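Next come the chains, spelled out residue by residue.
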Amino acid sequence: MPQTVLITGASSGIGRATARLFARRGAVLVLLARGREALEETAAEVRAEGAADVVVCPADVLDEDALRTAVEGTVQRFGSLDVVVHAAQVVAYGRIEEVPREVFERVVDTALHGTANLARVVLPQFRRQGEGHLVVVSSLLASVATPLMGSYISAKWGQLGLIRVLQQETRDVPGIHVSAVAPGGVNTPIYSQAGSYIGLKGRPPIPIYSPERVARSVVARLDRPRRLVQSGFANPVVILGFRLFPAVYDALVGPLLRVFALADDQRTPPTEGNVFESRPAGNAEKGRWHGIP
């Protein structure tokens, strides 16, 4: 029997790359994101890659009822739900006092409440089955901090805390696994799709990895569940510097971010980007940079 896999954020970036990788394994795929247009593009790609079946479910992770409908429909149609990959996220750049409150809160809500909503509808099904894998795409920025990304860092620190709680609360069912994968800079469109209040769009900091590389780490968690896996060879070094040498880290991180994580050739007026709604034209598996495969 093929695995049944539900993926949020499946219309772009890491979610889309993960869907393609599962398709090559012959999985049944249930694809979730806010916009149908880009989801249908992903669906066409994964059918061509060999997916056993594909279902498109336009839904926002902040809509718990929509998530419940998707999970219940998946179980009714395919008999079980084996794997859930949570890759949905939005970003906004700007100092804390510059980012509008509603934008800040939406970025945090998407990570924190979106993860909680998904857990509330997925884990009861896993308990009924006695097994299941939930893999959440976290971030290096769940373990360190940088200026100009306060909403995203608040979101990811909170999300990682929630993941650890979910790991503790599912210990009573040995067949349930909750894993987190934390990439560094990845060549996806999330940076150019982000909200920005600094006059520039973002870019992935070096070293830049391909979304396929992170997708391989996500899929690997099925055989090797882990509390948290850093997907990037530079991540442990950055985390070590943040923890052991905070004064040096704080002095360097701002200038380094401006040089290596902002796109000087992409000026922009203040914009909320795709924080509140899907921008189909900007969705794709890869961004415009080169990523380490």
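Before any of the text, the structure's been laid out above.
Let me sum up the structure you'll find in this document. (Residues numbered from 1 in each chain as written. Predicted model: local features only at pLDDT ≥ 70, side-chain atom pairs only at ≥ 80, totals over all residues. Heavy atoms only, no water.)

Turning to helix 4 (residues 101-129), a few remarks are in order. Taking 1.5 Å as the rise per residue, helix 4 with 29 residues should run 42 Å; its terminal C-alpha atoms sit 41 Å apart, in good agreement. Taken as a whole, helix 4 carries its principal kink of about 40° at Asp-109. After helix 4 finishes, the residue Gly-130 shows a positive phi value of roughly 80°. (Helix = DSSP H or I, 4+ residues; strand = E, 2+ residues; numbered from the N terminus. Expected span 1.5 Å × (residues − 1). Bend = angle between axes of the 7 residues up to and from the residue.)

What follows deals with the packing of aromatic side chains. Using the criterion set out here, one finds 4 aromatic pairs in the structure. Relative to Trp-289, the ring of Tyr-191 lies with its centre 6.1 Å away and its plane at 80°, an arrangement referred to as edge-to-face. Here Tyr-191, found in helix 6 (residues 190-193), pairs with Trp-289, found in the segment after strand 13 (262-267); they are 98 residues apart in sequence, far enough to count as distant. The burial state of Tyr-191 is the same as that of Trp-289; both residues are buried. Judged by centre distance (5.7 Å) and plane angle (85°), the rings of Tyr-209 and Phe-233 are edge-to-face. Taken as a pair, Tyr-209 in strand 11 (residues 208-209) and Phe-233 in the loop between strand 12 (229-231) and helix 8 (235-244) lie far apart in primary sequence, 24 residues in all. (Phe/Tyr/Trp six-rings, centres within 6.5 Å; stacked < 30°, edge-to-face > 60°. Buried < 20%, exposed > 50% of the residue type's maximum accessible area, 1.4 Å probe, protein only.)

This part covers the sheet that holds strand 1 (residues 4-8). Within a sheet, adjacent strands bond to each other through the backbone by hydrogen bonds, running parallel or antiparallel. Strands sit in the order 3-2-1-4-6-7-12 across an open sheet of 7 strands; the sheet is parallel. At either margin of the open sheet sits one strand with a lone partner, and together these are strand 3 (53-58) and strand 12. Shown here is a sheet whose adjacent strand axes are inclined to one another by a mean of 20°, direction ignored. Strand direction decides the pairing type here: strand 4 (residues 83-86) and strand 6 (residues 132-137), joined by 4 bridges, are parallel. Bridged to His-86 within strand 6 is Val-136. Against the sheet, helix 1 (residues 13-24) engages strand 1, strand 2 (28-33), strand 4, strand 6 and strand 7 (176-183), with an angle of about 165° to strand 1. (Pairing = 2+ DSSP bridges. Axes fitted to C-alpha atoms, helices over the stretch in contact; angles between N-to-C directions. Contact = heavy atoms within 4.5 Å.)

The element strand 7 is largely enclosed, with a buried count of 7 among its 8 residues. Taken together, the 6 bridges between strand 6 and strand 7 define a ladder with parallel strand orientation. Across the sheet, Val-137 pairs through a bridge with Val-181, a residue of strand 7. In terms of handedness, the path from strand 6 via helix 5 (residues 150-169) over to strand 7 forms a crossover that is right-handed. (Right-handed = clockwise from strand over helix to strand, strands pointing away.)

The subject of this paragraph is the environment of Arg-267. Looking at the element boundaries, Arg-267 is found in strand 13. Residue class for Arg-267 comes out exposed when judged on its relative accessible area of 64%. Once the C-alpha coordinates of Arg-267 and Gly-199 are considered, the two residues, 68 residues apart in sequence, prove to be 5.6 Å apart. Dropping the residues within four chain positions of it, Arg-267 is found in contact with Gly-199 and Leu-200.

Moving on, we come to unusual backbone geometry. Omega for the bond connecting Ile-206 with Pro-207 falls within 30 degrees of zero, at -10°, which places this linkage in the cis form. Phi is positive for Leu-148, close to 70°, though the residue is something other than glycine. Structurally, Leu-148 is set in the loop between strand 6 and helix 5.

Interhelical geometry of helix 3 (residues 64-78) versus helix 4 gives an angle of 25° and a closest axis separation of 8 Å. Our classification of the angle between helix 3 and helix 4 gives roughly parallel. Viewed along their axes, helix 3 and helix 4 form a crossing whose handedness is right-handed. Together, Glu-64, Leu-67, Arg-68, Val-71 and Val-75 of helix 3 and Asn-117, Leu-118, Arg-120, Val-121, Val-122 and Gln-125 of helix 4 make up the contact between the two elements. Split into classes, the residues belonging to the contact of helix 3 with helix 4 amount to 6 nonpolar, 2 polar and 3 charged. (Parallel < 35°, antiparallel > 145°, perpendicular 65-115°, else oblique. Left-handed = near helix turned anticlockwise from the far one by under 90°. Nonpolar A, V, L, I, M, F, W, Y, C, P; charged D, E, K, R; others polar.)

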